[in-house]
Amino acid sequence: MSGRGELEELSLDEAAALLGLSAEGLLALLRDAGLRAVSGAEVRLRAADVLALQHERDRRTERSMEELSRLSEELGEQRDE
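In what follows, the accompanying structure is described. (Residues numbered from 1 in each chain as written. Predicted model: local features only at pLDDT ≥ 70, side-chain atom pairs only at ≥ 80, totals over all residues. Heavy atoms only, no water.)

On to a negative patch on the surface, then. Together, E73, E77, D80 and E81 give the surface a local cluster of negative charge. Locating E77 in the fold gives a position in helix α3 (residues 47–80). (Patch = residues over 30% accessible without salt bridge, like charges linked within 9 Å, V, L, I, M, F, W, Y side chains within 5 Å. Areas by Shrake-Rupley, 256 points an atom, 1.4 Å probe, with all protein chains shown as cover. Salt bridge = Lys/Arg side-chain N within 4 Å of Asp/Glu carboxyl O. Lys, Arg positive; Asp, Glu negative; His and termini not counted. Charge placed at Lys NZ, Arg CZ, Asp CG, Glu CD. Helix = DSSP H or I, 4+ residues; strand = E, 2+ residues; numbered from the N terminus.)

Next up, the structure:
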């Protein structure tokens, strides 16, 4: 990103790379969400929106990992009994 802040727009390829997705995968998700784009070349996403989505995904992943760790510990305790 060039540092233009929240007004910066990203191409589909740029947004997909930030999110760790393929461009085709991101386009499919956007279409599932109701975006009516003929091609990926038409898609422009606000950088701030992409970064917010990335942050939310990271937060949910962290929360899931914490829950898995907790459940693993509980399972280990049950096996020890």
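The next point concerns helix α2 (residues 23–32). Think of an α-helix as turning once every 3.6 residues; residues three or four places apart then point the same way. Buried within α2 are the following residues: A23, L26, L27 and L30. Seen from one end, α2 has its buried residues packed into an arc of 100°, which puts them on one side. Relative to its buried face, α2 has exposed residues pointing more than 90 degrees away, namely E24 and D32. Where α2 is buried, its residues touch α1 (12–19) and β2 (44–46). Backbone geometry just downstream of α2 places G34 in the positive-phi region, at approximately 110°. (Buried < 20%, exposed > 50% of the residue type's maximum accessible area, 1.4 Å probe, protein only. Arc of directions from axis to C-beta. Contact = heavy atoms within 4.5 Å.)

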